[in-house]
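# Commentary on secondary and tertiary structure
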Amino acid sequence: MQIIENSKVKEKLYIEKLENGLTIMIIPKKGIQKKYVIWGTNYGSNDSKFVVPGETQKTEVPKGVAHFLEHKMFEQESGVNSLDTLTALGVDANAYTTNDHTAYLFECTENFYPALDELMDYVQHPYFTDENVEKEKGIIGQEIMMYDDYPEWKVYLNALEAMYHEHPVKLDITGTIETISKIDKEILYKCYNTFYNPSNMAMVVCGDFEPEKLLQEIKNRLIDKKANGEIKRIYPEEPENIVKEKIEQKMDVSQPIFVIGIKDKLADTKERVKKHIAIEILLNMILGKSSKLYKELYDEGLLFATPSLDYEYARGYAHILITGQSPEPEKVYEKFKQTVSNMKIDSNEFNRIKKRIYGEYVKEYNDTADIARMFLADFFKEINSFEFLEEITVINEEYVEQVLKDVFNDKKMVISVIKKD
Amino acid sequence: MQYKEKEIKKGIKIHLIKTEKFKTNLIAVFLSLPITKENVTKNSLLSAVLRRGTQNMPTSMQISQELEEMYGASFDNGIDKTGDNHVLKFYLESINDKYLPQQGENMLKTSIEKLLEIVFNPLTENGKFKEEYVKQEKENIKRIIEGKPDNKARYAFDRCIEEMYKDQPYGLYKYGYIEDLEKIDAKTLYEHYEKIKSECKIDIFVSGSIDEETIKIVEENENIKNLQEREAQYIINKIEEKPEAQEKEVKEEMEVTQGKIVIGLDLHIENEEQRYDALLYNAILGGSANSKMFQEVREKASLAYTAGSSYVRYKNNIFVKCGIEIKNYEKAMKIIRKQLEDMKIGNFTAEDIENAKKGIISTIKSIDDEQDTEITYFFGQELSGNKVSIDEYIEKIQKVSKENIIKIANSITINTIYFLKNIETAKEEQ
């Protein structure tokens, strides 16, 4: 296995790409009881239009298939649900779907290998029937309704709606009651066979392991499957401009909640980490806990807590999101825009924020689950997570200044608000 | 991991957790006192005002800046209801010196000092808190109290507890009440602070790469020296006999798409050992994906996405929770009642018990893989006055038998069924 060592956090990554195309990453952690494994496919809710390798026609499936598949993978031909089997082993098993990947995981202290047997068995053996697909529609329907009552989720989706004309990132990961009603077992098998090929997948394990021995154990559990060719993913042409600047919805919230969004473009692979860090630094300088703007808004009663500051990106999209609660979101938005347009980078502040972010990156290496999830998510964005620790120490003011000019553009900003009637 | 505790003054304890597993050191200060209608709002406001500024760092901006200079040390605080105690919690997490880009700093010492400064040396003006801070934080707490219904699942849970513990300390809302908030000013709040500072139970935890020096850093800290000995006023979480309650049903209407059921169960147990039996009972009833609730309500009946239960050991209650389509209320209730009955007649297998034990033991074993979880574990024991090591804990779980669990099942009575539903549906029914 190839070994990549990071001197900052004093951790090692063992990485290998197998013949069938599957990438295995192992981060050993001596003395930790918890073992965490996550197996993901580079397939999320955004991937509903594609060309199956070997075919020429494009395939389009209803929204929500990736998430539906995630629910259905646990079902086994024997009638036993793998989630039950894993739980019975005393391990904590779960799965999730994002815009760009789907992952199956478990965390345990004992029974790692029996649980790995089960995980690798169920992910490699789908079993869909008309009946079990129908039944799942009831459960997912309840999940969709649960999210309907989350204003935090709605305000987020609305912000995406305001930014994107075409890109599927703006749609609900779960799909809607209407789109999931069209899902059947043939569709599920087709998507499974396309995206759950080892060449489109990666596995990350973190815990107290001998990497080479673990690698062998994983190989022993793989069924014989050849790497398939490239999956052509089709995304609609997304214009650079936004759809509309403001979007508002009425819901039962005690205080208005808001998301300020800034539409951006996905950076080239080699610049991705650097740009991400620059944006994190800028957001902290503008509206972080120690910023002048935050103090001002707090003193005026316009903010009560620091908004959360995020930068999200995957194939075909990138955007900044600032999420918070305020009696007058419009005022927060106006002051934010003003601050951005008058912004000068102060060296002291820049260095202080760099220190802070460095510390935050280091903290991410405390927990096996955080580490494994981070490496998987970054991998699908073509990033090695260690790069963040290296880039943060070398990033300079000039570059950050450039990003400020390029990305924090008035015309790319939107605000989504949810308030009471 | 090594755990050590020392009473540095009567009523003030330091707990040291020596571990090399983490990149960080975590320091926590807990102030515990009995929760009452009279003090709950003051405590909640106090917790908010204390993070605003200290004598040496008079603004929150300054606190934040100094923490950022310490490689993003993070301060956090909040309040919790732990049994009949109100606990003001303060945390500071900072990077272990080994992982700093430059050597030669003593981050642990600085972190301890900063945290103690925030808790015990707040900014004052003319013998009271700064007016402006109190005024702003009153607004803040008001907003939190008003925001209580925003999270529907949490709200339904809190409401069920309120109905179960009407006019009792545990029924109080941990952030307090708007009508009481209005009566508090900078002076009365400061008086309250001085009072609890001299009366409450104080626990200081330091977890991370520590040594003998660490106790000294705390003991010799000026803010600690200034604290007096005390007969700490707090409620030891003991098992109390519960009165037989008449089952009641509370329905509330709100703008929701999904209905939320929360059922509060009373456990009538007699001794400490039965708490382990109760943990097993809960795991089988609704504690995992293998549980009856998850299997019967979600998987078989396809009625819910969330379906489970949790055990509140301090009060010996189990709360059954699920989110359902509103029209399925009767159907869901019937299935849930059937599960409670099945537990009583022992309608669960040896395998169910084994699985539940494995799940619980796995959780316990990983307690020392997370610094804050470990602190919470030791603090819970501190409040119940009952020290059990992780190994003993596991042993006790192992020993629980089917008879023990059936006994718990038969001691259980339904106290309150709370249902949060949609407004339109209610109209249709009429």
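Here the structure is a predicted model, which means the values were calculated and not measured.

## Considerations on the overall build of chain A
Helices and strands together make up the secondary structure of chain A, namely 15 helices and 15 strands. For a compact globule of 421 residues, the expected C-alpha radius of gyration is about 22 Å, and chain A comes in at 22 Å, within 12% of that figure. Each principal axis of the C-alpha atoms in chain A carries an extent, and together these give about 60 × 50 × 40 Å. Expressed as a percentage of the 421 residues in chain A, the buried residues total 61%. The long-range fraction of contacts in chain A, counting pairs at least 24 apart against all pairs at least 6 apart in sequence, stands at 80%. Positive and negative side-chain charges of chain A, numbering 55 and 73 respectively, have mean locations separated by a distance of 4 Å.

## A word on the overall build of chain B
Counting its regular elements, chain B contains 17 helices and 13 strands. Expected size for 430 residues packed as a compact globule is a radius of gyration near 22 Å; at 23 Å, chain B falls within 12% of this value. Burial analysis of chain B (430 residues in total) assigns 60% to the buried set. At a minimum sequence separation of 6, the contacts of chain B that also span at least 24 residues come to 81%. A total of about 17700 Å² of accessible surface is found on chain B, and carbon and sulfur atoms cover 47% of it.

## Some thoughts on the pattern of salt bridges
All chains considered together, the criterion is met by 86 salt bridges over all chains. Notably, a salt bridge pairs Lys185 of chain A with Glu186 of chain A, separated by 3.6 Å at the nearest N-O pair.

## Re the interface of chain A and chain B
Chain A puts 54 residues into the contact, and the matching count from chain B is 61 residues. At the boundary of chain A with chain B, total buried surface from both sides reaches about 5200 Å², with 50% on carbon and sulfur atoms. For the pair chain A and chain B, the number of links is eight salt bridges. A salt bridge links Glu68 of chain B to Arg356 of chain A; the nearest nitrogen and oxygen atoms lie 3.4 Å apart. Here chain A is connected to chain B by 33 residue pairs in polar contact (both at pLDDT 80 or more).

## Topic: the sheet that holds strand β8 (residues 201–208) of chain B
Residue and element names in this part refer to chain B. Pairing in this open sheet of six strands is mixed, and the strands run β1-β2-β8-β3-β5-β4 from one edge to the other. The open sheet is flanked by β1 (2–9) and β4 (74–82), the only strands paired with a single partner. Taking each pair of neighbouring strands and ignoring which way they run, the sheet shows an average axis angle of 15 degrees. Of the pairings in the sheet, the one linking strand β3 (residues 24–34) to strand β5 (residues 85–95) comprises eleven bridges and is antiparallel in character. Bridging across to β5, Leu31 finds its partner in Leu88.

## Topic: the nonpolar core
Judged by nonpolar contacts, the single largest core of 128 residues is most densely connected at Ile281, Phe336, Phe375 and Phe408 of chain A together with Phe120 and Phe129 of chain B. For Phe375 of chain A, the residues in contact, after removing those within four places along its chain, are Leu13, Met25, Ile27, Val204, Tyr365, Asn384, Ser385 and Phe386 of chain A. The next biggest cluster of nonpolar side chains, apart from the first, holds 80 residues, and it includes Val250, Leu265, Ile326 and Ala332 of chain B.

## Let's talk about the confidence of the model for chain B
Residues and elements named next belong to chain B. Per-residue confidence for chain B gives a mean pLDDT of 94; residues scoring 70 or more make up 98%. Here residues 425–430 is a poorly scored stretch, pLDDT under 50, and it has four contacts once near neighbours within four places are set aside; other chains count. Quick note on the complex model: pTM equals 0.90, ipTM equals 0.87.

## Brief notes about the state of the cysteines
For the coordinates displayed, the defined rule picks out zero disulfides over all chains. Free of any disulfide, Cys206 of chain A has its nearest cysteine sulfur in Cys108 of chain A, 12 Å distant. Cys160 of chain B takes part in no disulfide bond, and the closest cysteine sulfur, belonging to Cys322 of chain B, lies 12 Å away.

## Overview of the environment of Ile177 of chain A
Residues and elements named next belong to chain A. Inspection of the secondary structure assignment puts Ile177 in helix α6 (residues 177–180). For Ile177, a relative accessible area of 46% corresponds to the partly exposed category. A C-alpha to C-alpha distance of 23 Å links Ile177 and Asn94, two positions 83 residues apart in sequence. In contact with Ile177, not counting residues within four places along its chain, are Gly141 and Ile144.

## Considering the sheet that holds strand β9 (residues 248–254) of chain B
Residues and elements named next belong to chain B. Spatially, β9-β13-β10-β12-β11 is the arrangement adopted by the five strands of the open sheet, whose pairing is mixed. Either end of the sheet is taken by a strand with one partner, and the two such strands are β9 and β11 (304–312). Within this sheet the neighbouring strands show an average axis-to-axis angle of 15 degrees, counted without direction. Across seven bridges, the pairing between β11 and strand β12 (residues 317–324) is antiparallel. What sits directly across from Ser309, in β12, is Val320.

## Thoughts on the domain arrangement of chain A
Residues and elements named next belong to chain A. Each assigned domain of chain A is listed here: domain 1 (2–233) and domain 2 (246–419). Relative placement of domain 1 and domain 2: their C-alpha centres are 28 Å apart. Its largest share of buried area at the contact with domain 2, domain 1 owes to Lys8, Val155 and Met163, together 17% of the area lost on that side. Counting the contacts that link domain 1 with domain 2 gives three salt bridges. Measuring nitrogen to oxygen at the nearest pair gives 3.0 Å for the salt bridge that ties Lys34 to Asp367. Where domain 1 meets domain 2, there are 13 residue pairs in polar contact (both at pLDDT 80 or more). For the side of domain 1 that touches domain 2, the element with the most residues is helix α5 (residues 151–163), which contributes eleven residues. Considering only residue class, the side of domain 1 that touches domain 2 consists of 23 nonpolar, 13 polar and 13 charged.

## Digging into the side chain of Arg272 of chain A
Residue and element names in this part refer to chain A. In this structure, Arg272 sits in helix α9 (residues 272–287). Residue classification places Arg272 among the buried residues on the basis of a relative accessible area of 9%. Among the polar contacts made by the side chain of Arg272, one reaches the main-chain carbonyl oxygen of Lys381 at a distance of 2.9 Å.

About the criteria used
- Residues numbered from 1 in each chain as written.
- Chains lettered and ligands numbered in written order.
- Predicted model: local features only at pLDDT ≥ 70, side-chain atom pairs only at ≥ 80, totals over all residues.
- Heavy atoms only, no water.
- Helix = DSSP H or I, 4+ residues; strand = E, 2+ residues; numbered from the N terminus.
- Rg over C-alpha atoms; globule rule 2.2 N^0.38 Å.
- Buried < 20%, exposed > 50% of the residue type's maximum accessible area, 1.4 Å probe, protein only.
- Contact = heavy atoms within 4.5 Å.
- Lys, Arg positive; Asp, Glu negative; His and termini not counted.
- Charge placed at Lys NZ, Arg CZ, Asp CG, Glu CD.
- Areas by Shrake-Rupley, 256 points an atom, 1.4 Å probe, with all protein chains shown as cover.
- Salt bridge = Lys/Arg side-chain N within 4 Å of Asp/Glu carboxyl O.
- Buried area = accessible area lost by both parts, 1.4 Å probe.
- Polar contact = N/O pair within 3.5 Å; in protein donor to acceptor, adjacent residues only side chain to side chain.
- Pairing = 2+ DSSP bridges.
- Axes fitted to C-alpha atoms, helices over the stretch in contact; angles between N-to-C directions.
- Core = buried A, V, L, I, M, F, W, Y, C linked by side-chain atoms within 4.5 Å.
- pLDDT = per-residue confidence, 0-100.
- Disulfide = S-S within 2.5 Å.
- Domains from an automatic or database assignment.
- Nonpolar A, V, L, I, M, F, W, Y, C, P; charged D, E, K, R; others polar.

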